[in-house]
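Examination of the molecular architecture
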Amino acid sequence: MRARGLITAMLSSKLVAVLSLSVACGSVLYADSKSTLDGPKIVTSLHETYGKRAAKRGEAWLKLMASDTSSSDQEALEKVNRFFNMLHFIDDIDLWGENNYWATPVEFIGANGGDCEDYSIAKYFSLLEMGIADEKMRITMVKAVNLNQYHMVLAYYATPASIPVILDNLDGEIKPATKRNDLIPIFSFNGSQLWLNKDRGSSVSSGNSSRLTRWRDLRQRINTAKLKQPKLNLEF
């Protein structure tokens, strides 16, 4: 599918109301309207839905996000990238029984695996919880040249003018985008904005990220207590 067709397929037919920029969302995740993570409820939900090992991963995730708040952005990036890259890569059709399912972070941790979108989304939400500003991050759809297929990564911008560094499940080392010639950016988004890439070093704003149908659906699903069951058991 051409890039334009891919983008069109992911956009809703009209703009919708702007979604909240906060990671605070979800009766599964949060104890109250003050957006405090409800750790015990997350762990209980993981245990009941996916089992004991999933609950242990949930505990490790919560501990990671609650680590020393004096840590630098770079330290947070390294911790989160390393944690989620330990999970198994598997195609959506094999794991969830449907194509291009965007799992919530809790579902990704519970299933013990997912595809590139799940790694990028989980890293994004985790870093938000750790205090990284939304405007510093963009979930980015790219063309993976070596694989000749579309792929998703998380880009972090220290400043608006900075060359971003890339958090990727294909390459565990966080590198500047200028060192990732194997990736061609197509479009990117965060909690508020959508950008289309004209070339490697240039992007233009294209409205609100709520135009992305799957992104909007994911944000709505985070608001529910229901967790999807995978078709495969990756506990091995």
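Residues numbered from 1 in each chain as written. Predicted model: local features only at pLDDT ≥ 70, side-chain atom pairs only at ≥ 80, totals over all residues. Heavy atoms only, no water.

**Observations regarding the overall build of the chain**
Our working rule: Counting from the N terminus, the helices are the DSSP runs of H or I reaching at least four residues and the strands are the DSSP runs of E reaching at least two. Each residue is placed in one exposure class: buried if its accessible area under a 1.4 Å probe, protein chains only, is under 20% of its type's maximum, exposed if it is over 50%, and partly exposed if it falls in between.
Helix and strand counts for the chain come out as eight helices and nine strands. Every one of the 236 residues in the chain was classed for burial, and the buried ones make up 49%.

**Observations regarding the pairing of strand S7 (residues 183-189)**
Here is the rule: At least two bridges found by DSSP between two strands is the condition for calling them paired.
Taken across its seven residues, S7 has six buried, putting it largely inside the fold. Taken together, the six bridges between strand S3 (residues 137-144) and S7 define a ladder with antiparallel strand orientation. The residue of S7 that forms the bridge with methionine 141 is phenylalanine 187.

**Things to note about the confidence of the model for the chain**
Definition in use: In predicted models, pLDDT denotes the confidence assigned by the predictor to each residue on a 0 to 100 scale. Note on contacts: a residue pair is in contact if any heavy atoms of the two residues lie within 4.5 Å.
The pLDDT averaged across the chain works out to 85; a share of 82% of its residues lies at or above 70. Within the model, pLDDT remains below 50 along residues 1-5, and this stretch shows five contacts once partners closer than five positions in the same chain are excluded. Contacts of residues 7-27 to residues separated by more than four positions or lying in other chains number 50 contacts, the stretch itself having pLDDT below 50.

**Looking at the nonpolar core**
The test is simple: For our purposes a nonpolar core is just a set of buried Ala, Val, Leu, Ile, Met, Phe, Trp, Tyr and Cys residues, chained together by side-chain atoms within 4.5 Å.
Residues Phe84, Leu127, Phe189 and Trp215 are the most contacted members of the largest nonpolar core, which totals 47 residues. The element contributing the most residues to this core is helix H7 (residues 116-129), with eight residues. If we skip the residues at most four places from it in the chain, phenylalanine 189 touches Trp102, Met137, Arg138, Ile139, Met152, Leu194, Trp195, Ser209, Leu212 and Trp215.

**Focus on helix H3 (residues 52-65)**
Here is the rule we go by: Helix span, expected: 1.5 Å multiplied by one less than the number of residues in the helix.
With 14 residues, H3 should reach 20 Å at 1.5 Å per residue; the first-to-last C-alpha distance of 20 Å fits that figure. Every buried residue belonging to H3 is among Ala54, Ala55, Arg57, Gly58, Trp61, Leu62, Leu64 and Met65, and all of these are buried. Packing partners of the buried residues in H3 comprise helix H2 (39-50), helix H4 (73-84), helix H6 (105-111) and H7.

**Brief notes about the packing of H4 against H7**
Counted only if it meets this: Axis angles are defined between N-to-C directions and span 0 to 180 degrees, where every axis is a line fitted to C-alpha atoms and, for a helix, only to the segment in contact. Note on convention: the crossing is left-handed when the near helix lies turned anticlockwise from the far helix by less than a right angle, right-handed when the turn is clockwise.
For the pair H4 and H7, interaxial distance at closest approach is 10 Å and the crossing angle is 140°. As H4 packs across H7, the resulting crossing turns out to be right-handed. Here Ala76, Leu77, Val80, Asn81 and Phe84 of H4 come into contact with H7, specifically with Tyr119, Ala122, Lys123, Ser126 and Leu127.

**Considering the environment of glutamate 98**
The criterion, for reference: Any pair of nitrogen or oxygen atoms within 3.5 Å is treated as a polar contact; in protein, a donor-acceptor pairing is required on top of that, and neighbouring residues in sequence qualify only through side-chain atoms on both sides.
By secondary structure assignment, the location of glutamate 98 is in the loop between helix H5 (92-95) and H6. Not counting the four nearest positions on each side in its chain, glutamate 98 is found in contact with Asp92, Ile93 and Lys228. Side-chain polar atoms of glutamate 98 contact the side chain of lysine 228, separated by 3.2 Å.

**A short note on the packing of aromatic side chains**
Defined as follows: Pairing of aromatic side chains requires ring centres within 6.5 Å, counting the rings of Phe and Tyr and the six-membered ring of Trp. Pairs whose planes differ by under 30 degrees are stacked, by over 60 edge-to-face, and all others tilted.
The final tally for this structure, using the stated rule, is 10 aromatic pairs. Summarising the aromatic geometry, the rings of tryptophan 102 and phenylalanine 189 are spaced 6.0 Å apart at their centres and angled 5° between planes, so their arrangement reads as stacked. Residue tryptophan 102 is found in the loop between H5 and H6, and its partner phenylalanine 189 is found in strand S7; the two are separated by 87 residues along the sequence. Judged by relative accessible area, tryptophan 102 falls into the buried class, the value being 1%.

**Concerning the side chain of threonine 104**
Looking at the element boundaries, threonine 104 is found in the loop between H5 and H6. When neighbours within four sequence positions are excluded, threonine 104 is seen to be in contact with Leu218, Arg221, Ile222 and Leu227.

**Details of the pattern of salt bridges**
Here the idea is simple: oppositely charged side chains can pair when their charged atoms come close. Let me state the cut-off plainly: Salt bridges, as used here, are contacts in which a Lys or Arg side-chain nitrogen is within 4 Å of a carboxyl oxygen on Asp or Glu.
As enumerated under the stated definition, the model contains nine salt bridges in all. The closest approach of N and O atoms between lysine 56 and glutamate 59, which form a salt bridge, is 4.0 Å. Within this pair, lysine 56 and its partner glutamate 59 are both found in helix H3, separated by three residues, close to a single helical turn. Note that arginine 221 is salt-bridged to aspartate 217, the shortest N-O span being 2.9 Å. Here arginine 221 pairs with aspartate 217, and both are found in helix H8 (residues 213-222), just four residues apart, close to one helical turn. Linked by salt bridges that have partners in common, Glu107, Asp217 and Arg221 make up one network.

**Topic: unusual backbone geometry**
Here the phi dihedral of asparagine 100 falls at roughly 55°; this positive angle occurs in a residue that is not glycine. Locating asparagine 100 in the fold gives a position in the loop between H5 and H6. For asparagine 100, a relative accessible area of 27% translates into the label partly exposed. Unlike most non-glycine residues, asparagine 148 shows phi in positive territory, near 55°.

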